[in-house]
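Fold and geometry: a report
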Amino acid sequence: MNAPITSSHSLSTSEIQALDSAHFIHPFTDHGDLATRGARVIVKSEGIYIWDSEGEKMLDAMSGLWCVNVGYGRKELAQAAYDQMMTLPFYNSFFQTTNVPAVKLATRLAALAPKVGDRTFEHVFYSSSGSESNDSNVRMVRRYWDLLGQPQRKVIISRHNAYHGSTMAGASLGGMSGMHAQGDLPIPNITHIEQPYFFENGLPGESADAFGLRAAGWLEEKILALGADKVAAFIAEPIQGAGGVIIPPTSYWPEIQRIVDKYGILLISDEVICAFGRLGHWFAYEKFGYKPDLVTFAKAVTSGYIPLGGVMVGNRVAKVLIERGGEFNHGYTYSGHPVACAVALANLDIMESEQLPQRVKDDIGPYLAKCFESIAEHPLVGVAETCGFTAGLVLVKNKSAREHFAEELGVGMMCRRHCFQNGLIMRAVGDRMIIAPPLIMTHADIDDMMCLIRLALDLTQQELTQKGLI
Ligand code: PXG
């Protein structure tokens, strides 16, 4: 038997890789492939940079995984966790008990979530992730309609290429066919409409706004096909993150609102990526001006320093659950975890004092948009677009004809490899390259990042030329 590995063991990169391969099943990973190349071992971080175990420094333009909005190395967050762990590391919030950080955070989030029309957000339900939060949404939506005497309203409509998590309900709500194929998903009573992706699905000569109205119309068609009295809710990300930073035309959300209002169905805004400054607001529904009933959050609520998720429960749903519901038979051990909530409070302190949402809206968001306008001129780029402090660009074979590369060439992965080899973390979703950098970036940081993006594009172009593919 091997000697036990303790936390103080010092291991070489190859030892870590061997143990990783032997014992750690990673999310969304081909382990045959991983075993041959060995995982990249990330060992430290500071600001907008991470380092691997070989000392390679990389600019993290994905904020970890859409979460490290305040950047790495923030001592205040570590201190908040330490202080809370020494005071009360855990207590549950079942059985008529509560804890101070969870109460303070719920109060603070309620104050940050803007009122829209007649919709207010006074209540928070806690989980530890985006996936769990969306499971909770399914439970709350069903309970809501049951309590209103309409139990036949069961169907939740979502969209293809949406990402809502990886639990049974989360993956079912999501519109990723690869995930559905591996789990007999979706579970019953979840169905999908097409996404509002203008570059892919706009018709020749159609304006973005005309397309946005047409895309929202798919929701109405689906409601009518199902029977409006069967539909419980529509769930959507304000802009699709994992799907490739798909930014709907401005006409889309107002038309969605008109449709959900017309048929009285609940609207769930999944803001796991979009909330907490990413789009220049505390919550993204404010940017687009719609009125959700439930708002999913996770990730940047703690800037990813510790797991926390939840749902902002709007007054329409909260009133029914609280006044008519009695006991709601749902919850998690870690709902309202005191350490996670204390870290979230310290994270919101930083975001507030550094005015990160405002910074994105008035300063670094517009600056990134300008930079992406110029990168759009690169011969490999078919379209480049930004929203707040996230952006996407599509690699194309022929710019004027908008001709795509064959999927099996994996041009997005080729570009991603050039990014990694030159110290930039950028994600590839098919041939759509995406970023969501920390919100603390300066203009000089953005300039550095744009140089690396341009370099990766040039190297991809060179490789494609050498291989005779363009
Ligand atoms: N909703 C949205 C909108 C998300 O982006 C989840 C729910 C699920 O959250 P948890 O905390 O359960 O992972 C997410 C997560 C990617 C990628 O490849 C994106 C996510 C997760 C993993 C990978 O871009 N988003």
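Residues numbered from 1 in each chain as written. Predicted model: local features only at pLDDT ≥ 70, side-chain atom pairs only at ≥ 80, totals over all residues. Heavy atoms only, no water.

Looking now at the overall build of the chain. Counting secondary structure elements, the chain contains 17 helices and 15 strands. Seen through its principal axes, the chain has C-alpha atoms that stretch 65 × 65 × 45 Å. By the burial criterion, 53% of the 470 residues in the chain qualify as buried. For the chain, long-range pairs separated by at least 24 residues make up 71% of all intrachain contacts whose partners lie at least 6 apart in sequence. Surface exposure of the chain reaches about 20,700 Å², of which carbon and sulfur atoms provide 55%. (Helix = DSSP H or I, 4+ residues; strand = E, 2+ residues; numbered from the N terminus. Buried < 20%, exposed > 50% of the residue type's maximum accessible area, 1.4 Å probe, protein only. Contact = heavy atoms within 4.5 Å. Areas by Shrake-Rupley, 256 points an atom, 1.4 Å probe, with all protein chains shown as cover.)

A word on the packing of helix α15 (residues 356–375) against helix α17 (residues 443–466). Close contact between α15 and α17 brings their axes to 11 Å; oriented N to C, the two are set at 25°. Between α15 and α17, the angle falls in the class roughly parallel. Handedness of the crossing formed by α15 with α17: right-handed. Within the contact between the two elements, α15 uses D363, I364, Y367, L368, C371, F372, S374 and I375 and α17 uses H443, I446, D447, M449, M450, I453, R454 and L457. Classifying every residue of the contact of α15 with α17 gives 11 nonpolar, 2 polar and 3 charged. (Axes fitted to C-alpha atoms, helices over the stretch in contact; angles between N-to-C directions. Parallel < 35°, antiparallel > 145°, perpendicular 65-115°, else oblique. Left-handed = near helix turned anticlockwise from the far one by under 90°. Nonpolar A, V, L, I, M, F, W, Y, C, P; charged D, E, K, R; others polar.)

According to the domain assignment, the chain consists of domain 1 (40–70 + 355–466) and domain 2 (79–353). Inter-centroid distance (C-alpha atoms) of domain 1 to domain 2 is 27 Å. Taken together, the 33 residues of domain 1 in the interface contact 32 residues of domain 2. It is W66, V70 and P357 that lose the most area in domain 1 upon contact with domain 2, and together they represent 26% of the buried surface on that side. At the surface where domain 1 touches domain 2, the tally comes to 0 salt bridges. Those elements that place two or more of their residues in the side of domain 1 that touches domain 2 are α3 (63–66), α15, β11 (381–387), β12 (390–395), β14 (427–429) and β15 (432–435). (Domains from an automatic or database assignment. Buried area = accessible area lost by both parts, 1.4 Å probe. Salt bridge = Lys/Arg side-chain N within 4 Å of Asp/Glu carboxyl O.)

This brings us to the sheet that holds β11. If you trace the 4 strands from one edge of the open sheet to the other, you get β11-β12-β15-β14, paired in antiparallel fashion. Because the sheet does not close on itself, it has two edges, and the strands there are β11 and β14. The sheet shows a mean angle of 20° between the axes of neighbouring strands, taken without regard to direction. Across 4 bridges, the pairing between β12 and β15 is antiparallel. From the neighbouring strand, L393 faces β15, where its bridge partner is M433. Packing against the sheet, α17 makes contact with β11, β12 and β15, and its axis sits at approximately 15° to β12. (Pairing = 2+ DSSP bridges.)

Residues F234, F276, L393, M449 and I453 are the most contacted members of the largest nonpolar core, which totals 94 residues. Counting the residues that make up this core, at least three belong to each of domain 1 (40–70 + 355–466) and domain 2 (79–353). (Core = buried A, V, L, I, M, F, W, Y, C linked by side-chain atoms within 4.5 Å.)

Before going further, it helps to examine the pattern of salt bridges. Summed over the entire model, instances satisfying the criterion amount to 19 salt bridges. Between R258 and E255 there is a salt bridge, with the nearest N and O atoms lying 2.9 Å from each other. Of this pair, R258 and E255 are both found in helix α11 (residues 252–263), 3 residues apart, which corresponds to roughly one turn of the helix. Judged by relative accessible area, which is 38%, R258 ranks as partly exposed. For E255, a relative accessible area of 17% corresponds to the buried category. Among the salt bridges present, the one from E463 reaches K467, with a minimum N-O distance of 2.6 Å.

It is worth spelling out the site of the ligand at this point. Close to the ligand lie 16 residues; W66, G130, S131, D270 and R427 are nearest. Between the ligand and W66, the relevant distance is 2.8 Å, taken from an oxygen atom to a side-chain nitrogen or oxygen of the residue. Within the side chain of R427, an N or O atom sits 2.5 Å from an oxygen atom of the ligand. In the complex, 83% of the free accessible area of the ligand, which totals 540 Å², lies under the protein chains. Of all the elements in the fold, those that place two or more residues in the shell around the ligand are α3 and α6 (130–147). Among the residues forming the shell around the ligand, the class breakdown is 6 nonpolar, 6 polar and 4 charged. (Near = heavy atom within 4 Å. Polar contact = N/O pair within 3.5 Å; in protein donor to acceptor, adjacent residues only side chain to side chain.)

Before going further, it helps to spend a moment on the pairing of strand β3 (residues 57–60). Residues in a regular strand project their side chains so that they alternate between the two faces of the sheet. One ladder, built from 3 bridges, connects strand β2 (residues 49–52) with β3; its direction is antiparallel. Its bridge partner being in β3, Y49 is matched across the sheet by L59. Turn length for the β2-β3 hairpin, with the two strands adjacent in sequence and antiparallel, is 4 residues, and the turn residue G55 shows positive phi of about 85°. Bridge count between β3 and strand β13 (residues 424–425): 2 bridges; the pairing is parallel. By the bridge assignment for β13, L59 is matched with L424.

What follows concerns the sheet that holds strand β5 (residues 155–159). Either a parallel or an antiparallel arrangement is found when strands of a sheet pair, and the pairing is made through backbone hydrogen bonds. Judged by pairing direction, the sheet is mixed, and its 7 strands sit side by side in the order β4-β10-β9-β8-β7-β5-β6 without closing on themselves. Of all strands in the sheet, those bounded by a partner on one side alone are β4 (121–127) and β6 (190–193). For this sheet, the mean angle separating the axes of adjacent strands, direction not counted, is 25°. Across 4 bridges, the pairing between strand β7 (residues 231–236) and strand β8 (residues 266–270) is parallel. By the bridge assignment, I235 is partnered in β8 with I268.

With 13 residues, helix α5 (residues 100–112) should reach 18 Å at 1.5 Å per residue; the first-to-last C-alpha distance of 18 Å fits that figure. Each element contacted by the buried residues of α5 is listed here: α4 (75–87), β4, β9 (294–297), β10 (309–314) and α14 (338–353). Residue N99 occupies the N-cap position of α5, its side-chain oxygen lying 3.0 Å from the main-chain nitrogen of A102. (Expected span 1.5 Å × (residues − 1).)

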